[in-house]
Amino acid sequence: MTWHREPLVAFDLETTGTDVETDRIVTAAVVRLEPDGAVSAERTWLLDPGVVIPEQASAIHGISTDRARRHGVPASTAIEEITAAVAEVLRSGTPLVVMNARYDLSLLDRECRRYGLESISERLGDEPSPVIDPLVIDKHVDKYRKGRRALHALCAHYGVPLEDAHDARADAVAAARVVRRMGEEHESVRAMPLAELHDLQARAAAAQSASLQAYLRRTTNPAAVVETAWPVIPRSR
């Protein structure tokens, strides 16, 4: 049986911003989907990130600084629990679905560094794998399709309902269901063993980044440098 008909675990974060080096996690979800699409297990977290949540971020995910401070778990406690949960999934060999894995997994890595915790890579003794990133796969299998590639756009394209967008649990479930639809539609993807699919995404993500960098340098930003590593951006310090 191919991987898309097996259980999947999806991981998603909502955060204070878009910089993996400086921004913080606000909410997180780890959700297990069975082959029939049912959610069989889930864990969610609301964190007090220890910083003010910018209004622009609150407007997206609905979590204010006051709510996070009143009801959130201390960040160091939650980061340990989240990292342990994700590492356990990967240790089991179950594929981890992460929309834009380069962002979520890198930010989690930096949070571990911030609080002196072992990262996923340190716990596993290797990079996180197998990871399935619907953003990278979609760009690889349908390179020339026009339009956006955000989760809501992928859900619309693949016919997957997305309820309560920018809620970490809802986004995780939707990402896993999108990946299932990709497996159904693209034989070249579903036929790959998970290790090969993971390696394909690493190569595809690097190529996609190089293409974006070339475009930016020709147009709006001649000095652009776009990260090519996937699924985790290496630490610079």
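Novice: A description of helix α10 (residues 194-218) should follow, citing residues and the corresponding values.
Specialist: Between its first and last C-alpha, α10 extends 36 Å over 25 residues, near the 36 Å set by a 1.5 Å rise per residue. Against the buried residues of α10 lie α4 (101-114), β6 (131-132), α6 (134-141) and α9 (187-190).

Novice: Pulling in residues and values, what's your account of the pattern of salt bridges?
Specialist: One pass over the full model with this rule turns up 15 salt bridges. The partner of Arg113 in a salt bridge is Glu21, and the shortest N-O contact between them spans 3.1 Å. Of this pair, Arg113 sits in helix α4 while Glu21 sits in the loop between β1 (8-15) and β2 (25-33), placing them 92 residues apart in sequence. The residue Glu81 makes a salt bridge to Arg43 at a minimum N-O spacing of 3.7 Å. Taken together, the residues Glu81 in helix α3 (residues 75-91) and Arg43 in strand β3 (residues 39-48) connect sequence positions 38 residues apart.

Novice: Which residues make up the sheet that holds β6, and what values go with them?
Specialist: Pairing is mixed across the open sheet formed by 6 strands, whose spatial order is β4-β3-β2-β1-β5-β6. Whereas interior strands pair on both sides, the edge strands pair on one side only; in this sheet they are β4 (73-74) and β6. Sheet analysis places strand β5 (residues 96-97) next to β6, joined by 2 bridges and oriented parallel. Its bridge partner lying in β6, Val97 is registered against Ile132. Most of the contacts of α4 go to β1, to which it runs at about 70°, and overall it touches β1, β2, β5 and β6.

Reading the values: rules and limits
Every chain is numbered on its own, with residues counted from 1 as its sequence reads. Given that the model is predicted, a residue must reach a pLDDT of at least 70 before its local features are reported, and side-chain atom pairs must reach 80 or more before they are shown or counted; all residues, however, enter totals for whole chains, interfaces and linings. By convention in this description, side-chain values take in all heavy atoms of the structure and omit both hydrogens and water. Numbering of helices and strands starts at the N terminus; helices are DSSP runs of H or I of at least 4 residues and strands are runs of E of at least 2. Helix span, expected: 1.5 Å multiplied by one less than the number of residues in the helix. We call two residues contacting when some pair of their heavy atoms lies within 4.5 Å. Throughout this description, the term salt bridge denotes a Lys or Arg side-chain nitrogen within 4 Å of a carboxyl oxygen of Asp or Glu. Strand pairing follows a simple DSSP-based rule, namely that at least 2 bridges must link the two strands. For helices, the fitted line uses only the C-alpha atoms of the stretch in contact; every axis is such a line through C-alpha atoms, and the angle between N-to-C directions lies from 0 to 180 degrees.

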